[in-house]
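Chains, contacts and geometry: an overview
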Amino acid sequence: MIRFILSDLRRLWAGSLVVVLLVALATALGVSVVLQERALRLGSARAADKFDLVIGAGGSETQLVLSSVFLQPSPLPLMPGEVLGKLAADPRVDWAAPIGFGDSFSGYPIIGTTTMLTQNLSGDLAEGRIFAREGEAVIGAAVRLPLGGEIKPMHGSLEEGGETHTQLVYHIAGRLRPTGTAWDRAILVPIQAVWHIHGMEAEEHAEDGEHEHEAASGPDSAEDGHEYEKAGADHDGHEHHGKADPDAALDETWTAGAPGLPAILVKPKTIADAYKLRQDYRSGNTVAVFPGEVLTNLYATLGDAKQILVAVASGAQALVAASLVLVTVIHIGQRRRQIGALRAFGAPRGAIFGIVWLEFFFLVAVGIALGFALGYAAALILSGMFSQTSGVAMPVGFAREDAGLAAVLLAVATILAALPAVLAYRQSPAQALRA
C-alpha cells in the first residue's frame, strides 16, 4: 500500500505540491504570530527585569518606561533636581542613577548617567574601563565603534536635522557586556557632562542671574514638559550652550540643587522598600512605577492584537481547508476509473479508504510541518530586525502549548482526509469503470 501511495504521489506531484504549499503558508501565518508575540513578551520582560523602580515627573507611566528602560525617543517632562538628592540620602535606596536624554551619535542614543548605573548594567565591562572624566564614554555591546574613538554629540537625531555640539567630544573608554536590552545600543556618558553641554549647572555652582537654569530644575519645568534642549534655553528663545571640560573629574554627590531630570532609575534595598518608595513618590510632581507592572498593561493590549491576528490566521486556515476539500472531491471524481480498477482486481473497500486517507493526510501533515518551519523562520527574521533596531533581544522558541496547536491541526487533517476517503469507499466498481 505504501509503495502504491508513493507512486501515486510521484505521478501527481504538481497537485500534491500545491496542497502542501497551501497548508504550509496557512500554518506558517498562525505559527509566526504566536512565536513573535511570545518573543516580544519575553524580550521586553527580560529587559525590564534589570530596573526595579523608575521615578519621573508626572505624566504617562507608559511613556516613562518606554523612554527610560527601552530608550524610545520621546520628550519627557523634567522633575525637580531635589528629588535626586532626597533619593541619594534615603536609607532605603541602594543606589539612584539619574538619566538624561536628547542627544545621539551615528544613530545611537547618548544617555547621561552615572558610574554606578554603568557598573550595574552588565557587571564587568567587556573591554576598557568605566568613564572617569567628563570627556569619556562607555558604549553598549551593540555599538559599532572602536575603543578610543571620538563621539560628537548631536541634538536629537540626524534624521531630524539636529545640531552637533561643539563644546565637548567624548572618547570611548570602555564597552559593556551584552545585556539583551536597548542599552546595548546606547552610548553612556557622565550626566554632569550632559548638564554642562546644555548649560544646566547645579544651583550651588550657577552664577547669580542665570534664572533660566534654575527654572529648568524647578517644579514648573515638570508641569511645562520641557525637554533637555529647552531646559537650557534663554528667555529670548535662543538655545544656550554651556561649557564642558573633558578633563574635569566626576562629582556624583547629589544635592538638592541638581538640575531638572527626566527620569531616575532606583535600586531599592528590599522589596518592602521598593513599595514604600513607589508610594512616597507617586504624589506631587513625580510618579514612581515598576516597569513590570506597566508592561503588564501593555501585554493586555498586545493580547487583544494577538487575538485579532490569530483570528485572521484561523480564517485563512479555514479557507484553505475548504479549498482543499473542494479540490479533493474533484480529484476523487477524476480518479473514479483508478478506484474502480483497484476494486475490480479485488482490493477491499478498507484498502481503498486507507489509500485515499493516507495520501491526503500525508500531504496535509507535510504541509503542517513545513508551516511550522516557515513560521519559525519568519519569527526569527522579524525578531532579528526588531532586535537590530531596538537592541532588545527577542528569544524565539517553541513551548509546550505549541505541541497542542500541532495536535489540533493534525486532528483537523485527520477529519479532512476522511471525507475523500469515504467518497472513494462508497463507490462501486461497476459505476467507477463505466464513468
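Residues numbered from 1 in each chain as written. Predicted model: local features only at pLDDT ≥ 70, side-chain atom pairs only at ≥ 80, totals over all residues. Heavy atoms only, no water.

What follows is about the environment of Ser 104. On the secondary structure map, Ser 104 appears in strand β2 (residues 93–105). Judged by relative accessible area, Ser 104 falls into the buried class, the value being 9%. (Helix = DSSP H or I, 4+ residues; strand = E, 2+ residues; numbered from the N terminus. Buried < 20%, exposed > 50% of the residue type's maximum accessible area, 1.4 Å probe, protein only.)

Before going further, it helps to spend a moment on the packing of aromatic side chains. According to the stated counting rule, one finds 5 aromatic pairs in the structure shown. Between the aromatic rings of Tyr 376 and Phe 398, the centroid separation amounts to 5.4 Å while the plane-to-plane angle is 20°, which identifies the pairing as stacked. In this pair, Tyr 376 is assigned in helix α13 (residues 349–390) and Phe 398 in the loop between α13 and α14 (400–426), connecting sequence segments 22 residues apart. Residue Phe 398 is classed as partly exposed on the basis of its relative accessible area of 44%. By way of ring pairs, the aromatic residues Phe 372, Tyr 376 and Phe 398 are connected into one cluster. (Phe/Tyr/Trp six-rings, centres within 6.5 Å; stacked < 30°, edge-to-face > 60°.)

Counting 59 residues, the largest nonpolar core has Ile 99, Leu 117 and Trp 183 as the members making the most contacts within it. Per-element accounting of this core gives the leading share, 9 residues, to helix α2 (residues 13–48). Those residues within four positions of Trp 183 in sequence are excluded, and the remaining contacts are Phe 51, Ser 68, Val 69, Leu 71, Ile 99, Ile 111, Leu 117, Leu 121, Gly 140, Leu 188 and Leu 265. By size, the runner-up hydrophobic cluster in this structure holds 21 residues, among which are Ala 57, Met 79, Ile 191 and Ile 264. (Core = buried A, V, L, I, M, F, W, Y, C linked by side-chain atoms within 4.5 Å. Contact = heavy atoms within 4.5 Å.)

We now examine the pattern of salt bridges. Overall, the coordinates contain 12 salt bridges when judged by the stated rule. Ionic pairing is found between Glu 136 and Arg 133, a salt bridge with its closest N-O pair at 3.3 Å. Relative accessible area serves as the criterion here: at 4%, Glu 136 is assigned to the buried category. Residue Arg 133 is classed as partly exposed on the basis of its relative accessible area of 34%. (Salt bridge = Lys/Arg side-chain N within 4 Å of Asp/Glu carboxyl O.)

Glancing now at the side chain of Arg 185. Inspection of the secondary structure assignment puts Arg 185 in the loop between β8 (170–175) and β9 (187–190). At 3.3 Å, the side chain of Arg 185 forms a polar contact with the backbone oxygen of Gln 388. (Polar contact = N/O pair within 3.5 Å; in protein donor to acceptor, adjacent residues only side chain to side chain.)

A few words on the confidence of the model for the chain. Detail in the predicted coordinates should be disregarded across regions flagged by low pLDDT. Residues at a pLDDT of 70 or more form 74% of the chain, whose mean pLDDT is 78. In this model residues 203–227 is a low-confidence stretch, pLDDT under 50, and it forms 42 contacts with partners more than four residues away in sequence or in other chains. Predicted confidence is poor over residues 229–240, with pLDDT under 50, and the contacts of this stretch with residues over four places away or in other chains come to 26 contacts. (pLDDT = per-residue confidence, 0-100.)

What follows covers the environment of Pro 178. Take Pro 178: it is sitting in the loop between β8 and β9. Take Pro 178: its relative accessible area is 66%, and that puts it in the exposed class. Along the primary structure Pro 178 and Gly 140 are separated by 38 residues, whereas in three dimensions their C-alpha atoms are 7.3 Å apart. Discounting chain neighbours no more than four positions away, the residues touching Pro 178 are Ala 141 and Asp 184.

Here we come to helix α5 (residues 115–122). What α5 keeps buried is the set Thr 115, Leu 117, Thr 118, Leu 121 and Ser 122. For α5, the arc enclosing every buried residue in end-on projection is 165°, short of the 170-degree limit, so these residues lie on one face. Turning to α5, the residues buried within the fold contact β2, β3 (108–113), β5 (136–139), β9 and β10 (263–268). In the segment just after α5, Gly 123 is the residue with positive phi, at about 80°. (Arc of directions from axis to C-beta.)

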